[in-house]
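Each chain, written out:
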There are 2 protein chains.
Amino acid sequence: MATTKEKIVTLGDKLIRDKGYNAFSYYDIAPALKVNNAAIHYHFPTKTDLGEAVVDCHSEKFTAFTQSITAQSEIEQLKSFLELFHRISDDNRVCLVGALAPELPSLNKSMRQKLTTFVKTTLDWLTAILERGRKKGDFNFSGTARTRALMVITNIFAWVQISRITGEKDFQAIKTAILNDISR
Amino acid sequence: MATTKEKIVTLGDKLIRDKGYNAFSYYDIAPALKVNNAAIHYHFPTKTDLGEAVVDCHSEKFTAFTQSITAQSEIEQLKSFLELFHRISDDNRVCLVGALAPELPSLNKSMRQKLTTFVKTTLDWLTAILERGRKKGDFNFSGTARTRALMVITNIFAWVQISRITGEKDFQAIKTAILNDISR
DNA sequence: GTCTATATTCCGATAGAC
DNA sequence: GTCTATCGGAATATAGAC
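Residues numbered from 1 in each chain as written. Chains lettered and ligands numbered in written order. Predicted model: local features only at pLDDT ≥ 70, side-chain atom pairs only at ≥ 80, totals over all residues. Heavy atoms only, no water.

Which residues make up the environment of Asn108(B), and what values do they have?
All names here are of chain B. Looking at where Asn108 falls in the secondary structure, it is placed in the loop between helix H6 (96-100) and helix H7 (109-136). Between the alpha carbons of Asn108 and Asn92 there is a distance of 27 Å; along the sequence they are 16 residues apart. Other than its neighbours up to four places away in sequence, Asn108 contacts Thr48 and Glu52. (Helix = DSSP H or I, 4+ residues; strand = E, 2+ residues; numbered from the N terminus. Contact = heavy atoms within 4.5 Å.)

So, in structure tokens, the structure goes:
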């Protein structure tokens, strides 16, 4: 059973990834959770506090995610990572970084810092996966693993945003192309 | 000499791509252009009217851009296209679609429709460039031209967002990788 | 076409009772 | 920890003079 505080973070996350940080308000949360506006302020005194909690939540979930799949091969780990975005796209939302990056100058310093750490953690993890997979001969690509990690992540990252506009839902074609690009 | 109306659109565009549609207000524009808040409402009665004008402006500029480079080879046209995003990244902003997609549900129907048309126009143009270049033997990639256009556009599209967070400004590595991926 | 002044709505936030 | 009630500020928008 989730606590009210946890429910607020979960819903706040959904709202941010649905219409953005600046577009949602406490009045989107209160009726949905059947609590009062003031109750949300009890748990998160300022909107920024809630925003930071949402980013923290993603950091924790990502760590749990990567640890849960360490036994998989590099190819399987990459596929599992791509699946995360598949689910985001099915939800008709965008990823947290994609939601916040365009609003960056309107966010406070602490939120920006947490976001930066989260992005770096994600990129480092993906870079390491690609590097290890290449050493084993499972992946084959030119250039640095870092650049390739950026290529892969930008593909799925932007896909969820663009598919939202075009209405196109064929994630499979992108996934196949991504995997094909690193297995020449 | 630009009219006040044109200046408002230009600044509105910059503001949207700096901090998002919902984060900017008419009070960001009035002092900067040394006109009154009410003057902006004279030209654009509602904020949505301004938003639509910004999207229209991008559509017109994109058409002018593609027509200005029809004499170039497909490779050169692609490079010119990538340069557009290079400039956006140097400005520390994001592209219009990247700014609006995460806020989509908070935008009115007319703005969403204009945005959809703009995205489809861009994708169709890039798809055609890749298809023609492949027929001539200048490009070499597997899969459909459409999917490849999506791969290219997502690479630069998301790069400008991510580089904003990481502070990384090495656009060259991405450009090289993009061109390399379609010239095997 | 731009101004002053103001209406109105919404949102983030707080005080104080239970 | 949640409630009622409310403050204060910001943002969209309008009325009417120049």
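Please give an account of the protein's contact with DNA strand D that cites residues and values.
Around DNA strand D sit 18 residues in total, of which Asn36(A), Tyr42(A), His43(A), Tyr27(B) and Lys47(B) are the nearest. Counting only the atoms of DNA strand D that lie within 4 Å of the protein, the sugar and phosphate share comes to 59%. Contact between DNA strand D and Asn36(A): a phosphate oxygen at 2.3 Å from a main-chain N or O atom of the residue. Looking at the surface near DNA strand D, the elements that each hand over two or more residues are helix H3 (37-43) of chain A together with helix H2 (26-33) and helix H3 (37-43) of chain B. (Near = heavy atom within 4 Å. Polar contact = N/O pair within 3.5 Å; in protein donor to acceptor, adjacent residues only side chain to side chain.)

Summarise the protein's contact with DNA strand C; cite the residues concerned and give the values.
Of all residues adjacent to DNA strand C, which total 18 residues, the nearest are His41(A), Lys47(A), Thr4(B), Asn36(B) and His43(B). Within 4 Å of the protein, the contacting atoms of DNA strand C are drawn from sugar and phosphate to the extent of 59%. Contact distances for DNA strand C include 3.0 Å between a base nitrogen and a side-chain N or O atom of His41(A). A distance of 2.7 Å separates a phosphate oxygen of DNA strand C from a polar side-chain atom of His43(B). With 4 residues, H3(B) is the largest single contributor of residues to the surface near DNA strand C.

How would you sum up the packing of aromatic side chains? Please name residues and give values.
Considering all chains together, one arrives at 16 aromatic pairs over all chains under this definition. Their ring planes at 90 degrees and their centres at 6.2 Å tell us that Phe62(A) and Phe118(A) sit as a pair that is edge-to-face. Of this pair, Phe62(A) sits in helix H4 (residues 47-68) while Phe118(A) sits in helix H7 (residues 109-136), and the two are 56 residues apart along the sequence. For the pair Phe62(A) and Phe118(A), one class covers both residues: buried. With centroids separated by 6.0 Å and ring planes inclined at 75 degrees, the aromatic side chains of Tyr21(B) and Phe24(B) adopt a geometry described as edge-to-face. Classification of Tyr21(B) as buried rests on a relative accessible area of 6%. These aromatic residues form a ring-pair network of at least three members: Phe62(A), Phe65(A), Phe81(A), Phe85(A), Phe118(A) and Trp125(A). Positioned above the aromatic ring of Tyr21(A) is the side chain of Lys47(A), whose terminal nitrogen or guanidinium carbon lies 4.7 Å from the ring centre. The ring of Phe44(B) has Lys5(B) sitting right over it, with the charged end atom 5.6 Å from the ring centre. (Phe/Tyr/Trp six-rings, centres within 6.5 Å; stacked < 30°, edge-to-face > 60°. Buried < 20%, exposed > 50% of the residue type's maximum accessible area, 1.4 Å probe, protein only. Lys NZ or Arg CZ within 6 Å of the ring centre and 35° of its normal.)

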